[in-house]
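Chain by chain, the residues run as shown.
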Amino acid sequence: MIEILTSDELTRARRTGALVGGILQELKQHTTVGTTLLEIDRWTRDLIERAGAESCYVDYAPSFGRGPFGHHICTSVNDAVLHGMPNDHALADGDLLTLDLAVTLDGIAADAAVSFLVGAARPAESVALIDATERALAAGIAAAGPGARIGDLSHAIGGVLTAAGYRVNTEFGGHGIGSTMHQDPSVPNSGRPGRGYRLRPGMLLALEPWVMADTARLATDADGWTLRSATGSRAAHSEHTIAITEHGAEVLTAGSTTR
């Protein structure tokens, strides 16, 4: 299903996006050496409830997971890149943490992710991974607009990642979003320009480049959810929800409020 939002729905989408971005900003600011992943999950629950929103993850039970997920945020550390299930791991100086959050507010969902380093340590490989995903995300957003095709976005994202020396996995990628978290069309992190669905004003898309340092192969934890690099190398993931407008792409999850 591909939804085209009305003007009123887009207004609501902006509020949801600001909430998601604001929560991620607040979590990043409060996460320090010694913080546990379960603490982050509890903070997220409290912020979602305070806003009168609903988590998209607690009851989420897709075919690729061992659901329901049962938590409010995905917390992926170091070699984990997607769907990291919160546990009692205490974060150490230099850990690479990815927070991936989706909520629904007033009937519209938004989805975003941010990778960052905990503490003062700045391992060069981790810095490069984060930088590549952020630049790829910016390239995908720049390629989006009315009349562009999905392949244009995928090509822009994949071009940045491969130029940075990373192999691209296309098992998981971006997606449509709206009244539900995951919708058509899918937006792979690599593709051919000029191919795929043509974008129209009113569409919402979640773009999410992610890479692992030396592989494109994934391994699944015993929890049935957490996806890691098959080699144990570090990984990073960046994501925004965007709206296609008459004038281009509007980033909804840059974040300004958690209220």
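The present account deals with the structure reproduced in this document. The structure presented is a predicted model; accordingly, all values stated were derived computationally and were not measured.

One pair of aromatic rings is described through two measures. These are the centre distance and the angle between the planes. Taken as a whole, this structure holds 6 aromatic pairs when the rule is applied. Ring centres 6.4 Å apart and planes at 70° place the aromatic pair Tyr60 and Phe64 in the edge-to-face group. Here Phe64 falls in the partly exposed class, since its relative accessible area comes to 37%.

Looking now at the side chain of Ser154. Its place among the elements puts Ser154 in helix α4 (residues 150-163). In this structure Ser154 comes out as buried when scored by relative accessible area, which is 2%. In this structure the side chain of Ser154 is engaged in a polar contact, spanning 2.7 Å, whose partner is the backbone oxygen of Pro188. Aside from chain neighbours lying at most four places away, what touches Ser154 is Val187, Pro188, Asn189, Ser190 and Gly191.

Next up on the list: the sheet that holds strand β6 (residues 174-176). Spatial ordering of the open sheet is given by β7-β6-β8-β13-β14, a layout of 5 strands whose pairing is antiparallel. Where the open sheet ends on each side, the last strands, each with one partner, are β7 (183-187) and β14 (248-251). The average undirected angle you get between the axes of adjacent strands in this sheet is 30°. Judged from the 4 bridges that link them, strand β8 (residues 204-207) and strand β13 (residues 240-245) form a sheet pairing that is antiparallel. Within β13, the residue paired with Ala206 across the bridge is Thr241.

What follows concerns the environment of Gly224. Here Gly224 shows up in the loop between β10 (218-220) and β11 (227-229). Note: C-alpha distance between Gly224 and Glu171 (53 residues apart in sequence) is 16 Å.

Tallied over the full model, the rule gives 7 salt bridges. Of the charged contacts in the structure, one is a salt bridge between Arg12 and Asp8, with a shortest N-O distance of 3.2 Å. With Arg12 and Asp8 both in helix α1 (residues 7-30), this residue pair falls 4 residues apart, about one helical turn. Note that Arg45 is salt-bridged to Asp46, the shortest N-O span being 3.2 Å. The class for Asp46 is partly exposed, based on a relative accessible area of 35%.

Estimated volume of the largest pocket: approximately 360 Å³. Lining the largest pocket we find 24 residues, and of these Phe172, Gly173, His175, His182 and Glu208 sit closest to its centre. Elements with a minimum of two residues in the lining of the largest pocket: β6 and β7. Residues of the lining of the largest pocket, tallied by class, amount to 12 nonpolar, 8 polar and 4 charged. Reported here for the second largest pocket is a volume of approximately 250 Å³. Lining the second largest pocket are 16 residues, and of these Ala113, Val114, His240, Thr253 and Ala254 sit closest to its centre. Of all the secondary-structure elements, those providing two or more residues to the lining of the second largest pocket are α1, β5 (108-117) and α3 (124-143).

So, about the sheet that holds β11. Taking strand neighbours across the sheet as the criterion, the 3 strands line up as β3-β11-β10 in an open arrangement whose pairing is antiparallel. Across the chains shown, the open sheet's two edge strands, defined by having one partner strand only, are β3 (80-82) and β10. Along the sheet, successive strands turn relative to each other by an average axial angle of 45°, direction set aside. Bridge count between β3 and β11: 2 bridges; the pairing is antiparallel.

Turning next to the state of the cysteines. This structure, assessed with the given rule, holds 0 disulfides. No disulfide involves Cys56; its nearest neighbouring cysteine sulfur is the one of Cys74, lying 11 Å away.

Turning next to the nonpolar core. Leu24, Ile40, Leu97, Leu99 and Leu101 are the most contacted members of the largest nonpolar core, which has 24 residues in total. Those elements giving two or more residues to this core turn out to be α1, α2 (37-50), β4 (96-105) and β5. When sequence neighbours within four positions are dropped, the list of residues in contact with Ile40 reads Leu27, Thr31, Thr35, Ile73, Thr75, Leu91, Leu97 and Leu99.

Cut-offs used in this document
Residues numbered from 1 in each chain as written. Predicted model: local features only at pLDDT ≥ 70, side-chain atom pairs only at ≥ 80, totals over all residues. Heavy atoms only, no water. Phe/Tyr/Trp six-rings, centres within 6.5 Å; stacked < 30°, edge-to-face > 60°. Buried < 20%, exposed > 50% of the residue type's maximum accessible area, 1.4 Å probe, protein only. Helix = DSSP H or I, 4+ residues; strand = E, 2+ residues; numbered from the N terminus. Polar contact = N/O pair within 3.5 Å; in protein donor to acceptor, adjacent residues only side chain to side chain. Contact = heavy atoms within 4.5 Å. Pairing = 2+ DSSP bridges. Axes fitted to C-alpha atoms, helices over the stretch in contact; angles between N-to-C directions. Salt bridge = Lys/Arg side-chain N within 4 Å of Asp/Glu carboxyl O. 1 Å grid on protein atoms, 1.4 Å probe; cavity = no way out; pocket = protein on both sides within 12 Å on 5 of 7 lines; lining within 4 Å. Points joined across faces, edges and corners; volume = space filled by probe spheres on them. Nonpolar A, V, L, I, M, F, W, Y, C, P; charged D, E, K, R; others polar. Disulfide = S-S within 2.5 Å. Core = buried A, V, L, I, M, F, W, Y, C linked by side-chain atoms within 4.5 Å.

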